[in-house]
Amino acid sequence: MTLLALGINHKTAPVALREKVAFTPDSLVAALASLKSVEGVNESVIVSTCNRTELYVNTQDDTGEKILRWLSDFHHLDEQEIAKNSYLLAQDDAVKHIMRVASGLDSLILGEPQILGQVKQAFGDAKHSGMISSEFDKLFQHTFSVAKRVRSETDIGVNAVSVAYAAVQLAKHIFAELPKRSVLLVGAGETIELVAQHLKEQGVKRLAVANRTVARAEALAEKLDASVYTLSQVPEHLHEFDIVISSTASQLPLIGKGMVEKALKQRKNTPMFLVDLAVPRDIESEVNELGDAYLYTVDDLQHIVQKNLENREQAALEAQKLIDEQASHYMSWKQSQQSIDLVKQYRQKGMLHRDDIVEKAKAQLEEGKSADLVIEEMAYKLTNALLHPTTLALREAARHDDPALSRWMGQALDLSDDPSDENK
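All figures in this text were calculated on a predicted structure; none of them were measured in a lab.

As a further point, take the side chain of Arg 312. Note that Arg 312 resides in helix H13 (residues 298-366). Buried charged residue Arg 312 carries no salt bridge. Nearest counter-charge: Glu 112, at 8.0 Å.

Okay, the sheet that holds strand S1 (residues 2-9) next. Read across the sheet, 4 strands follow the order S2-S3-S1-S4 without closing on themselves; strand pairing throughout is antiparallel. This sheet does not close on itself; its edge strands, each paired only once, are strand S2 (41-48) and strand S4 (87-90). Across the sheet, the mean angle from the axis of one strand to that of its neighbour is 15 degrees, orientation sign disregarded. Two strands pair when backbone bridges link them, and S1 and strand S3 (residues 52-59) are joined in this way by 8 bridges, in the antiparallel orientation. Within S3, the residue paired with Leu 6 across the bridge is Leu 55. Across the sheet, helix H6 (residues 114-128) is in contact with S2 and S3; its angle to S2 comes to roughly 145 degrees.

This part takes up the sheet that holds strand S7 (residues 227-230). Across the sheet, which stays open at both edges, the 6 strands sit in the order S7-S6-S5-S8-S9-S10 with parallel pairing between neighbours. The open sheet has two free edges, formed respectively by S7 and strand S10 (293-297), since each of these has just one partner strand. Within this sheet the neighbouring strands show an average axis-to-axis angle of 15 degrees, counted without direction. Inspection of the sheet shows strand S5 (residues 182-186) paired to strand S8 (residues 243-246) by 4 bridges, in the parallel sense. Bridging from a neighbouring strand, Val 186 pairs with Ser 246 of S8. Lying over the sheet, helix H8 (residues 163-174) contacts S8, strand S9 (272-276) and S10, oriented at roughly 165 degrees with respect to S9. Helix H10 (residues 214-224) contacts S5, strand S6 (206-211) and S7 of the sheet and is inclined by roughly 165 degrees relative to S6.

Let us look at the packing of helix H5 (residues 92-102) against helix H7 (residues 134-153). Direction vectors running N to C along H5 and H7 enclose 45 degrees, while the axes themselves pass 9 Å from each other. With respect to their mutual orientation, H5 and H7 come out oblique. Where H5 crosses over H7, the handedness of that crossing is right-handed. Together, Val 95, Ile 98, Met 99 and Ala 102 of H5 and Leu 139, Phe 140, His 142, Thr 143, Val 146 and Ala 147 of H7 make up the contact between the two elements. Looking at side-chain class alone, the contact of H5 with H7 contains 8 nonpolar, 2 polar and no charged residues.

Below, the discussion takes up the UniProt feature "active site" (unreviewed entry) in the protein. The sites that UniProt annotates as "active site" (unreviewed entry) are Cys 50. By the secondary structure assignment, Cys 50 is in the loop between S2 and S3. The exposure class of Cys 50 is exposed, given its relative accessible area of 63%.

This part takes up the UniProt feature "site: Important for activity" (unreviewed entry) in the protein. The UniProt record marks His 97 with the feature "site: Important for activity" (unreviewed entry), using the residue numbering of this structure. In this structure, His 97 sits in helix H5. The contact partners of His 97, leaving out residues within four places of it in the chain, are Arg 52, Glu 54, Tyr 56, Tyr 87, Leu 89 and Asp 106.

Okay, the pairing of S10 next. Alternating positions in S10 separate cleanly, Ala 293, Leu 295 and Thr 297 being buried on one face and Tyr 294 and Tyr 296 remaining unburied on the opposite face. In the sheet, S9 pairs with S10 via 5 bridges, with the strands oriented parallel. Looking at the pairing, Asp 276 lines up with Thr 297 of S10.

Further remarks concern the pattern of salt bridges. Per the counting criterion, the structure on display carries 16 salt bridges. The shortest N-O distance in the salt bridge between Asp 106 and Arg 52 comes to 2.9 Å. Of this pair, Asp 106 sits in the loop between H5 and H6 while Arg 52 sits in strand S3; the two residues are 54 residues apart in sequence, bridging distant segments of the chain. You'll find Asp 106 and Arg 52 in the same group, each marked buried. A salt bridge links Lys 257 to Glu 289; its shortest N-O distance comes to 2.8 Å. With Lys 257 in helix H12 (residues 257-266) and Glu 289 in the loop between S9 and S10, the pair connects residues that are 32 residues apart, well separated along the chain.

Basis of the calculations
- Residues numbered from 1 in each chain as written.
- Predicted model: local features only at pLDDT ≥ 70, side-chain atom pairs only at ≥ 80, totals over all residues.
- Heavy atoms only, no water.
- Helix = DSSP H or I, 4+ residues; strand = E, 2+ residues; numbered from the N terminus.
- Buried < 20%, exposed > 50% of the residue type's maximum accessible area, 1.4 Å probe, protein only.
- Lys, Arg positive; Asp, Glu negative; His and termini not counted.
- Salt bridge = Lys/Arg side-chain N within 4 Å of Asp/Glu carboxyl O.
- Pairing = 2+ DSSP bridges.
- Axes fitted to C-alpha atoms, helices over the stretch in contact; angles between N-to-C directions.
- Contact = heavy atoms within 4.5 Å.
- Parallel < 35°, antiparallel > 145°, perpendicular 65-115°, else oblique.
- Left-handed = near helix turned anticlockwise from the far one by under 90°.
- Nonpolar A, V, L, I, M, F, W, Y, C, P; charged D, E, K, R; others polar.
- UniProt positions renumbered as here; feature names shortened; annotations may be inferred.

The structure is reproduced here in structure tokens:
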């Protein structure tokens, strides 16, 4: 059996193709059942996210042609289009890849933690569908352990590498108890939604959304259990908030120095943290002149993000060393399992030969044949049956100049010097 990883991700294909090969939660069940029917497939796991679709398969088809054909047929796509936008990895390369994926080293945002949960979910779905047996169970449990070690033993997930996350991390540094702080989000676009998501994860309870279009603000506020304001209401409510994060498409500043100065007086000079993620700016730069106002722009955050990315890239090198080491351990285990299976098969075959020869010898004795002749013939046949495949293997090793097999055979001969020692 060969372990294969066939995949399409953000590095190899545009979003238009990634959308076509993605599996929905509903289609995944049918896909696993369909994949199970492919000849030679023993185990499989399908990982499908917005940035990747990957098939991990334990199969007799080491070319991957059947898996590629299955993927194109299932989604009714051109096989060549998938082939030129995908990657196929085998054995230890496939093992290293799934470990990299689960550890966040292959993600669009280096070190992002969500992918580990997605891989765990994919494994659970495959197990529920009967597509997991001992080998894949060992592989994925080991992968989860490696991913956990990568996060605990390196700095891969320590620093913020998105502007939205960096804004929230800065707020945490300024306010020791972030959940107790009140936050005003100005705007309701994708960036503000990401900020809101990070704030909720940090346990912030009081949130408000102000936007030019109230309906859009209400849609976001409903997800956050937040209050809603129009932009014209911001001046009268600004003093209520410890943190203000703004990202709109306005061509002129929405929050000026005078507005913030008035709010600070109402707050009795309690500090206020402001983050302007907009270009052009939403908050006048002169706000920084106020003693209790801490204003950061998108440029300030980009510098933080760039430095953190460099730190993560260094951590990724450390993580890769750990992954290489652990992938090697898994492949050694897999090889040992294959060796055990070969030994079992070899012994079973030897016993079948023995039983067949003994039965024939008994029949000859019952026919009155000389016991000495029967024993001699039985010994000859049994020795020949056991030595024939070994002799062929030795000749093949000599022909290919295989020192490992020759050395193993030498050890085997040493062990067989004393036939009375059954423990050998």
